[in-house]
Amino acid sequence: MSNRQVSRRDFLRTAVGTVGVTALSSIPMMAAAEEAAVYTPGTYTASADGINGAVTVTMTFDETNIMEVVIDASGETESIGGAAADTLASQILEAQSAEIDGVSGATITSNAVKKAATQCVAQAKGIDVSVLTESTEKATIAIPDDTSFVLKDLLAEDINASAVVISEITDFAEEIDCDVVVCGAGAAGVVAAVTAAEEGQKVCLLQKESVVVSQGNCASAVLKSESTELGLKKWIHECTAFNAWRSKPDLLRAYIDNSEEALNWVCEKGGITEATDWTNEATGVSKYQDTSAVFTGVCTDGVNTYDYGEEVVTTFAPWFGPKPNNVGTLMAGILSDAQEQYGDMLEVHFSTPVVQLVQADDGSVTGCVGQDEEGNYIKFNAKAVILATGAYENNPTMVRRFCPDIEAFDKKVYHRTGDGNILAIAAGGCMEPAAHSKVMHDFDAGLMYDEPFLALNMEGERFANEEVEMAYISNILRWQPSFQGENMDDDHADGSKGWYCQIYDNDYMNYATAGVPEVVMQRYLKEEDASLHEGVFEYLIDTFRADTIEELAEKLGLPVEATVASVERYNELCETGEDLDFGKKAEYMNKIQTAPFWGIRRHIRCSSICAGVLTDGNSRVITEDGEVINGLYAVGNLGGQFFGGADYPFFQTGLSLGHAFTFGRIAGKHASAL
């Protein structure tokens, strides 16, 4: 089943009727009578667990269309899951399918609606619903008692939050033979799939979502050709130090050896080269910024220092965009071009998550099972499966065990439910046996993110030495009060961690750490000229200015009296030149006294967990004992242990996406050579 250029779903999008509160109906098409019957007309109902109980979906069908959708999410949090019901019902009608994008911030409710709607569609088609619900019945996993804690630590709740089906699937609507299957169309998956097709392989690419999805703008590579050999060894040593000395050495060496070729390949395929003036006119993606660097002499990130001496390591770090375009846009363009180039040799199956691996008696992986948007199972037979499904930020029980630091924080992504992790572990793989690294930052609310300006928690109180970089401040915010703001998860209806405010005055350009000119700052002013909001996500910006501290506090949602007191205390410390409260350097102590006053409300959320199952330098999944599981690969944030510290290391910009490109390319080549 290849990606269709014009689908029934696309056509039906022009025929959606008036949206009601929780019940929506479609307008039948004139051509419907000419179509073959798909459904048994009638009304069908199914339920699935939401955040506070059952979410019920009732759908009415004629022979060819979904006519009406009614969602009862009355048990969900009214302002989040309950409010999402209308949108979810509308999405089902538009898509004429249960496979919808969902509502960001209402992940659990969205997943419950999708599961229940899938069952309704199955009933209307006469499919045995019990087959579809087996994965949600908490089937246990047969893991030997003599295995380690890490291998045993796979819970029924993990599976229930994912797309994985543990019970054996034997009834397939279709069976497809190919050479390589790639599961996940993101930064690593698209690179792996196109690489394998380039190598002459028949490739099937499965994607859980209905589109290509990848976050971020910057990727980087180490330019081995422009670096000294000893410098490269020093880079490995520095990177390992930033990763709490827990990086797997062969993965860092593989990155050093392959990242230059991989990133140049991505730029070439994406039409972002010097020959095109670093711009792809067709996709709208350009290299709009460049943070390439040379590591030589004494290097510092503000806190940590490393001496390269006379050795040299050169990095290439292009930024792809600008927003709202990102690496996802870049990957979508690369995949589209590849489909045109390779034709039937590259099949793309959108809205088809991988739900199971197929293994031979010797444990080698010989294919996988996907589930299409109609609930049908498709078996893919292949010599290799490359898992590129992303991390597990949206799987609550996995977060609680493997990365508890982020549990109280909102997530910037959704549908990252650990599918690949679970499948790899069930096949004999092993989660990284260490606390997992996370990416926690906010580049969307406003500029000036690393300047050491006065920082107040959402109760108006100063809480830290502001010299800490924003990339690491989440560790301090764990101890600060929660706050109920915008763009929050269902999991945190009563408030989440990660909120604080930066405050500075209009003299900030004369501070020791001179910031961004006002003309640029205006792009991030929430309440002022919206026409200036170019290259930003408008719904995320949270920058304000006001003539008084009292007015600024009100705009930021801070208690006025406490905020005024904190500013007055800070000004007293600035006057003396000694930060007796938190020890900030004197050169960063600047009184807040010149109007207008500026404030940025930060919302630190999890962008990703950059940790997964153990792999070798060829991206092959390995057991706890280091044995290779033949035919199984894991790339991107699913493959580890490249990182290792509590936080993703920010000493080199774009390392995460550069890592994804590199190991996607390595896996695509290696799998092709089997």
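Structure shown above.
All of these numbers come straight from a predicted model, not from anything done at the bench.

Draft legend 1. Highlighting unusual backbone geometry. Of note, the bond from Gly321 into Pro322 is cis; its omega dihedral lies within 30 degrees of zero at 0°. In this chain, Gly640 is followed by Gln641 through a cis amide linkage whose omega measures 15°. For Gln641, the location among the structural elements is in the loop between β31 (639-640) and α17 (655-672). Here the phi dihedral of Ala244 falls at roughly 60°; this positive angle occurs in a residue that is not glycine. Checked against the element boundaries, Ala244 lands in the loop between α8 (229-242) and α9 (249-269).

Draft legend 2. Representation of the sheet that holds strand β12 (residues 293-295) within the structure. Strands sit in the order β9-β15-β12 across an open sheet of 3 strands; the sheet is antiparallel. The open sheet has two edge strands, β9 (221-223) and β12, and neither has a second partner. In this sheet, adjacent strand axes meet at a mean angle of 35° when their direction is disregarded. Judged from the 3 bridges that link them, β9 and strand β15 (residues 313-316) form a sheet pairing that is antiparallel. Its bridge partner lying in β15, Ala221 is registered against Phe316. On the sheet, α8 packs against β9, β12 and β15 and is oriented at approximately 70° with respect to β15. Taken strand by strand, α9 contacts β9 and β15, and its axis lies near 105° from that of β9.

Draft legend 3. Summary view of the packing of helix α7 (residues 187-198) against α9. One way to put it is that α7 packs onto α9 with a least axis distance of 12 Å and a crossing angle of 85°. When the interaxial angle is binned, α7 and α9 end up roughly perpendicular. The residues of α9 that touch α7, namely those facing Val191, Val194, Thr195 and Glu198, are Trp265, Val266 and Lys269. Grouping the constituent residues of the contact of α7 with α9 by class yields 4 nonpolar, 1 polar and 2 charged.

Draft legend 4. Spatial organisation of helix α3 (residues 107-125). Spanning 19 residues, α3 covers 27 Å between terminal C-alpha atoms, matching the ideal 27 Å at 1.5 Å per step. Looking one or two places after α3, you find Gly126, whose phi comes out positive at around 80°.

Draft legend 5. Broad picture of the packing of α8 against α9. Between α8 and α9, the shortest axis-to-axis distance is 11 Å and the interhelical angle comes to 135°. Relative to α9, the element α8 is oriented oblique. α9 is crossed by α8, and the crossing has right-handed handedness. For the pair formed by α8 and α9, the contact residues are Leu232, Trp235, Ile236, Cys239 and Thr240 on the first element and Leu252, Arg253, Tyr255 and Ile256 on the second.

Draft legend 6. Up close: the sheet that holds strand β6 (residues 174-177). Within the open sheet, the 4 strands sit side by side as β6-β20-β19-β18. Their pairing is mixed. Each edge of the sheet is formed by a strand with only one pairing partner; in this case those strands are β6 and β18 (354-359). For this sheet, the mean angle separating the axes of adjacent strands, direction not counted, is 20°. Inspection of the sheet shows β18 paired to strand β19 (residues 365-371) by 5 bridges, in the antiparallel sense.

Draft legend 7. Broad picture of the pattern of salt bridges. Applying the stated criterion to the full structure yields 34 salt bridges. Of the charged contacts in the structure, one is a salt bridge between Glu374 and Lys125, with a shortest N-O distance of 3.1 Å. You can see Glu374 sitting in the loop between β19 and β20 (377-381) and its partner Lys125 sitting in helix α3, a full 249 residues away along the chain. Using a relative accessible area of 26% as the deciding quantity, one classes Lys125 as partly exposed.

Draft legend 8. Structural view of the nonpolar core. Trp235, Phe320, Met331, Leu335, Ile386, Leu655 and Phe661 are the most contacted members of the largest nonpolar core, which totals 73 residues. When residues no more than four places from it in sequence are discounted, the contact partners of Ile386 are Val180, Val181, Val182, Cys183, Ala192, Tyr633, Val635, Ala667, Gly668 and Ala671.

Draft legend 9. Focus on the side chain of Gln96. Among the secondary structure elements, Gln96 is positioned in the loop between α2 (78-95) and α3. In terms of polar contacts, Gln96 uses its side chain to reach the backbone amide nitrogen of Ile66, at 2.7 Å.

Draft legend 10. Spotlight on the environment of Glu432. Take Glu432: it is sitting in the loop between α12 (419-426) and β22 (438-441). For Glu432 and Gln641, which are 209 residues apart along the polypeptide, the C-alpha to C-alpha distance reads 6.3 Å.

Draft legend 11. Quick peek at α12. Of all 8 residues making up α12, 7 are buried, and the element is well covered by its neighbours. Trailing α12 by a residue or two, Gly428 shows a phi angle of about 115°, which is positive.

Calculation rules
Residues numbered from 1 in each chain as written. Predicted model: local features only at pLDDT ≥ 70, side-chain atom pairs only at ≥ 80, totals over all residues. Heavy atoms only, no water. Helix = DSSP H or I, 4+ residues; strand = E, 2+ residues; numbered from the N terminus. Pairing = 2+ DSSP bridges. Axes fitted to C-alpha atoms, helices over the stretch in contact; angles between N-to-C directions. Contact = heavy atoms within 4.5 Å. Parallel < 35°, antiparallel > 145°, perpendicular 65-115°, else oblique. Nonpolar A, V, L, I, M, F, W, Y, C, P; charged D, E, K, R; others polar. Expected span 1.5 Å × (residues − 1). Left-handed = near helix turned anticlockwise from the far one by under 90°. Salt bridge = Lys/Arg side-chain N within 4 Å of Asp/Glu carboxyl O. Buried < 20%, exposed > 50% of the residue type's maximum accessible area, 1.4 Å probe, protein only. Core = buried A, V, L, I, M, F, W, Y, C linked by side-chain atoms within 4.5 Å. Polar contact = N/O pair within 3.5 Å; in protein donor to acceptor, adjacent residues only side chain to side chain.

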